[in-house]
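# Residue-level structure breakdown
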Amino acid sequence: MNINKICCIGAGYVGGPTMAVIAQQCPHIKITVVDVNAKRIAAWNDTDLSKLPVFEPGLDEVVKEARNKNLYFSTNIDQAIDEADMIFISVNTPTKTYGKGKGMAADLKYIELCARQIAKVAKQDKIIVEKSTLPVRTASAIKNILDNTGNGVQFQILSNPEFLAEGTAVQDLLNPDRVLIGGDTTKEGQEAIQALVSIYAHWVPKERILTTNVWSSELSKLTANAFLAQRVSSINAMSAICEQSGADVNEVAKAIGMDSRIGSKFLKASVGFGGSCFQKDILNLAYIAKTYGLKEVANYWEQVILINNYQKNRFSDNIVSTLYNTVSGKKIAFLGWAFKKDTNDTRESAAIQVADNLLSEQAHISVYDPKVSEERMYADLDYLNTRSEEENRNLLTVDQDPYEACKGAHAIAVLTEWDEFKAYDWQRIYDSMQKPAFVFDGRGILDTEALKKIGFNCYTIGKGS
Ligand code: UDX
Ligand code: ADP
């Protein structure tokens, strides 16, 4: 089966970069990325590439190369569905905030809406590719909707989970460890798998393209994220012991990471993991375990989340206790709001919870982040509903200049590992602060020895004294 036209529903952090890279690597395929959000589509079409809705290093170049040649962004969803041989579903699947499975299960309403729309519009056979992270067996729900509400056309459902990490999306897409494609074991299913394999084969070595059944593919995505998050929670749990015992978590991480059975990656202690995937996928996994009656399995994975919450609260508690048990009326500067460097995404960012805790202690917070908008930060806080929107705006201010953010502050908290923080004029920052001046490095990126020489009191996550 030859694929000439692709439609991708959902122009977010997954759909946008993924389609841009496929378009760049496969100039013979016309790709249309559609979204219900007209503002987002307009931003993808903006001639000013710094206005793209997703910030990813290198993404602007890829978009510039392919856009309006074979890569299009549009709000005309029906037309794009109608034309396409293959449709990727990359809509968001947040954790449910209502009803059964509230706070744990994935909310599949956007997926279902897509399936119904595809069924309504499609007039010829199509391959549907699940790109969003989904609970196991979602493919069968999509198939059911398509088969029972469609116009009698044939659909093949593939699972092709996205393993890109934000901040390195373009590199991850160009040079993936593996591409995973799950499909039916029937002849038609295998043909659909091959159609997608041949797209990736344009730039990914064949041996890195793995094909499985649909359920294995869906479950592998949840499993990968659960294992990665577990490593972060494991090292973060050790960071608390390091602080008490005088050990240094970086040294411990290095020592264990050199054991080839353990490996060195994902052992950086931090103020806690964030992002759109880890928490959501683990909750999802635990929920699946629960629905199968596997209570112990669910509890086991939930513990990874509990340690993460503990780590965020531990960080803010430590700020309060170090600042003589009160931060009321004190200015605390936040360096970073994004959930990691090189992205403007803030979903589940540790900064949000840490800010909320400190605001509840009546601290004044001034935030500087090189890529996150002021609007986004307030939306993140307002969403928690801890205090009124007005109070959030009174207590937290956003600065475009890091030196302004730090001026007059009692303490600085580093929440994101942006590289530029390391290059600041720390003497100048020190001179402008209240004394004694404190730095709480939640990412372990600063040169604390140099800071101490200037006069700072330093706390680094996982470093005992
Ligand atoms: C993750 C998976 O890595 C990716 O494969 C999947 O497709 C989506 O989820 P992402 O959420 O973009 O990607 O970022 P990732 O680099 O995994 O980091 C997640 C969080 O863990 C970040 O907040 C990061 O700062 C934190 N982290 C990561 C640590 O605190 N320590 C580490 O050693 C690694
Ligand atoms: P992800 O990180 O998974 O890409 P995002 O929230 O960044 O998540 O992107 C998902 C996108 O999907 C959003 O831009 C949203 O507007 C879009 N979307 C959700 N439901 C639909 C739908 N039924 N049709 C078209 N687009 C949709």
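The structure this text deals with has already been given above.
Residues numbered from 1 in each chain as written. Chains lettered and ligands numbered in written order. Predicted model: local features only at pLDDT ≥ 70, side-chain atom pairs only at ≥ 80, totals over all residues. Heavy atoms only, no water.

Scanning all chains against the criterion turns up 17 aromatic pairs. Seen in terms of ring centroids, Tyr403 and Tyr424 are 5.6 Å apart; in terms of plane orientation they differ by 45°. Their pairing is tilted. Here the residue Tyr403 occupies a position in helix H16 (residues 402–406), and Tyr424 occupies one in the loop between strand S12 (411–414) and helix H17 (426–432), the gap between them amounting to 21 residues. Taking relative accessible area as the criterion, Tyr403 reaches 17% and is therefore assigned buried. Residue classification places Tyr424 among the buried positions, given a relative accessible area of 11%. An aromatic cluster is built from Tyr368, Tyr403, Phe421, Tyr424, Trp426, Tyr430 and Phe456, whose rings are joined through pairwise contacts. Across the ring face of Tyr403, the terminal group of Arg428 is positioned such that the distance to the ring centre comes to 3.8 Å. (Phe/Tyr/Trp six-rings, centres within 6.5 Å; stacked < 30°, edge-to-face > 60°. Helix = DSSP H or I, 4+ residues; strand = E, 2+ residues; numbered from the N terminus. Buried < 20%, exposed > 50% of the residue type's maximum accessible area, 1.4 Å probe, protein only. Lys NZ or Arg CZ within 6 Å of the ring centre and 35° of its normal.)

With that settled, the discussion passes to the pairing of strand S5 (residues 126–130). Burial within S5 is extensive, with five of its five residues counted as buried. Where burial is concerned, the two faces of S5 agree: the one with Lys126, Ile128 and Glu130 and the one with Ile127 and Val129 are both buried. The pairing of strand S4 (residues 86–89) with S5 spans four bridges and is classified as parallel. Residue Ile89 lies in a different strand from S5, and its bridge partner there is Glu130. (Pairing = 2+ DSSP bridges.)

The subject of this paragraph is the site of ligand 2. By nearness alone, 16 residues border ligand 2, and Tyr13, Val14, Asp35, Arg40 and Arg347 come closest of all. A distance of 3.1 Å separates an oxygen atom of ligand 2 from a polar atom in the backbone of Tyr13. Side-chain polar atom of Asp35 to an oxygen atom of ligand 2: 2.6 Å apart, as the coordinates give it. Out of a free accessible area of 580 Å², ligand 2 has 88% covered by protein chains. (Near = heavy atom within 4 Å. Polar contact = N/O pair within 3.5 Å; in protein donor to acceptor, adjacent residues only side chain to side chain. Areas by Shrake-Rupley, 256 points an atom, 1.4 Å probe, with all protein chains shown as cover.)

Of the two faces of S12, both are covered, the one formed by Ala411 and Ala413 as well as the one formed by Ile412 and Val414. Of the pairings in the sheet, the one linking strand S9 (residues 331–335) to S12 comprises four bridges and is parallel in character. By the bridge assignment, Ile332 is partnered in S12 with Ala411. Bridge analysis of S12 against strand S13 (residues 438–441) gives four bridges, and the strand direction is parallel. Note that in S13 the partner of Ala411 across the bridge is Phe438. With respect to chirality, the unit in which S12 leads through H17 into the neighbouring parallel S13 is right-handed. (Right-handed = clockwise from strand over helix to strand, strands pointing away.)

Bringing the packing of helix H13 (residues 350–360) against helix H14 (residues 374–384) into the picture now. Between H13 and H14, the shortest axis-to-axis distance is 10 Å and the interhelical angle comes to 65°. Taken as axis vectors, H13 and H14 run roughly perpendicular relative to one another. The crossing of H13 and H14 is right-handed. Every residue of H14 that contacts H13 at Ile352, Ala355, Asp356 and Leu359 is listed here: Asp380, Leu381 and Leu384. Residues belonging to the contact of H13 with H14 are distributed by class as follows: five nonpolar, no polar and two charged. (Axes fitted to C-alpha atoms, helices over the stretch in contact; angles between N-to-C directions. Parallel < 35°, antiparallel > 145°, perpendicular 65-115°, else oblique. Left-handed = near helix turned anticlockwise from the far one by under 90°. Contact = heavy atoms within 4.5 Å. Nonpolar A, V, L, I, M, F, W, Y, C, P; charged D, E, K, R; others polar.)

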